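Remarks on the overall topology
So you can see what is in the structure, the chains are spelled out below.
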Amino acid sequence: MSDCTICTRPMAAELAHRTACPRCGSRLAAWLEEIPRQLAALADCLEPDGRGDGTGRSAGRAHAPLPVRLDVLTLIGPAAPHPVRDTSGDQAGPVPVAGVLHAWADRLAEDLGTYLPRMRTTSAAAYAAYLARHMAVIVTREWVAPLYEEVQETVRRLRAVTRTEPQRRPLEAPCPRCSAVGLVEVDWEVYRECTVCGLLLTADEYKEHAARLYRLGLGMVLAAAGQAADQDGAA
Ligand SMILES: [Zn+2]
Ligand SMILES: [Zn+2]
């Protein structure tokens, strides 16, 4: 048995070839899918007043503001012509999203024994898609943990500007493992998670579980109604 290099939870023997558990892998995949959406939303935040809060408020100013937000420009800036090799984590200062993803896409290509494919657009979205296509390989690499950390930080920076946080909703059915009412679903996450025991369910598994409980509950209600009818008949 080996441990996930990201969350350090033990993984089942049949996952020994992996360096990231399915939960961490799916979270990383979800972030890689979210990044292009976030980058598209960033365009709305480029003007100093378009802060993405939708209120259109404009604070009175004593002096002319910068025409664009520098923090947003930094995020959407182009990747360096050669990837900034930051797989050792010693890069200082903010890096454009494309720069972060370019470095990891390059690392992946190297492990695959190829060159980075020529991308139609050398944009962050193209690098994110390239990484997402190779998740099965990424979750077996020893560098998955630093990649996970950088992608997490990138998503955090993007969400801070676009002010989009995934919403968390409690689910009705109790957990099939611990019976606590602690299952939640979070936007863009693959798994429904029990906040009490950590059980993960896919959307289909949850649906099946809830439907089974419903049938069980319905059966009990019908049986009780039948008993009541019998008693009425006997009276
Ligand atoms: Zn993990
Ligand atoms: Zn549970």
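Residues numbered from 1 in each chain as written. Chains lettered and ligands numbered in written order. Predicted model: local features only at pLDDT ≥ 70, side-chain atom pairs only at ≥ 80, totals over all residues.

**Things to note about the nonpolar core**
Counting residues in each nonpolar core, the largest one holds 35 residues, and the members touching the most others are Leu101, Trp104, Tyr127 and Leu131. Contributions of two or more residues to this core are made by helix 1 (22–42), helix 2 (70–76), helix 3 (97–111), helix 4 (124–133) and helix 6 (144–162). If you tally residues by element for this core, the top one is helix 3, at eight residues. Apart from residues lying up to four places away in sequence, Leu101 is in contact with Ala124, Tyr127, Ala128 and Leu131. (Core = buried A, V, L, I, M, F, W, Y, C linked by C-beta atoms within 7 Å. Buried ≥ 20, exposed ≤ 12 C-beta atoms within 10 Å, placed from the backbone. Helix = DSSP H or I, 4+ residues; strand = E, 2+ residues; numbered from the N terminus. Contact = placed C-beta atoms within 7 Å.)

**A closer look at the confidence of the model for the protein**
Low pLDDT marks regions whose predicted coordinates should not be analysed in detail. For the protein, per-residue confidence averages 83 on the pLDDT scale, and 82% of positions sit at 70 or higher. Note that residues 50–59 has pLDDT below 50 and, in this model, ten contacts with residues that lie over four places away or in other chains. (pLDDT = per-residue confidence, 0-100.)

**A closer look at the pairing of strand 5 (residues 191–194)**
Pairing of strand 4 (residues 183–186) with strand 5 involves two bridges; the strand directions are antiparallel. Residue Leu183 lies in a different strand from strand 5, and its bridge partner there is Cys194. Pairing geometry for strand 5 and strand 6 (residues 200–202), over three bridges, is antiparallel. Across the sheet, Arg192 pairs through a bridge with Leu201, a residue of strand 6. Hairpin connection from strand 5 to strand 6: five residues lie between these consecutive antiparallel strands, with Gly198 at a positive phi of about 85 degrees. (Pairing = 2+ DSSP bridges.)

**Considerations on unusual backbone geometry**
When glycine is set aside, most residues are seen to have a negative phi, and most peptide bonds are trans. Positive phi outside glycine occurs at Thr8, with the angle close to 65 degrees. Relative to the elements of secondary structure, Thr8 occurs in the loop between strand 1 (2–3) and strand 2 (10–11). Overall, Thr8 belongs to the exposed group, with 10 C-beta atoms counted inside 10 Å. Residues other than glycine seldom take positive phi values, yet Ser179 does so here, at roughly 70 degrees. Positionally, Ser179 belongs in the loop between strand 3 (168–170) and strand 4. Classification of Ser179 as exposed rests on a count of 11 C-beta atoms within 10 Å.

**Quick look at the pairing of strand 4**
Within a regular beta strand, the side chains point alternately toward one face of the sheet and then the other, so they alternate between its two faces. Of the pairings in the sheet, the one linking strand 3 to strand 4 comprises three bridges and is antiparallel in character. Bridging from a neighbouring strand, Arg169 pairs with Glu185 of strand 4. The turn joining strand 4 and strand 5, which pair antiparallel and follow one another in sequence, is formed by four residues; a positive phi near 70 degrees is taken by Trp188.

**Points about helix 1**
Look at helix 1: 30 Å from first C-alpha to last across 21 residues, which is about the 30 Å you get at 1.5 Å a residue. Within helix 1, the axis deviates most sharply at Glu34, by approximately 30 degrees, and proline Pro36 lies no more than four positions further along. Listing the buried residues of helix 1 in full gives Cys24, Gly25, Arg27, Leu28, Trp31, Leu32, Glu34, Ile35 and Gln38. (Expected span 1.5 Å × (residues − 1). Bend = angle between axes of the 7 residues up to and from the residue.)

**What about the sheet that holds strand 6?**
The four strands lie next to each other as 3-4-5-6, forming an open sheet whose pairing is antiparallel. Since the sheet does not close on itself, it has two edges, and those belong to strand 3 and strand 6, each with one partner. Strand-to-strand twist across the sheet, computed as the mean angle between neighbouring axes with direction ignored, equals 30 degrees. (Axes fitted to C-alpha atoms, helices over the stretch in contact; angles between N-to-C directions.)

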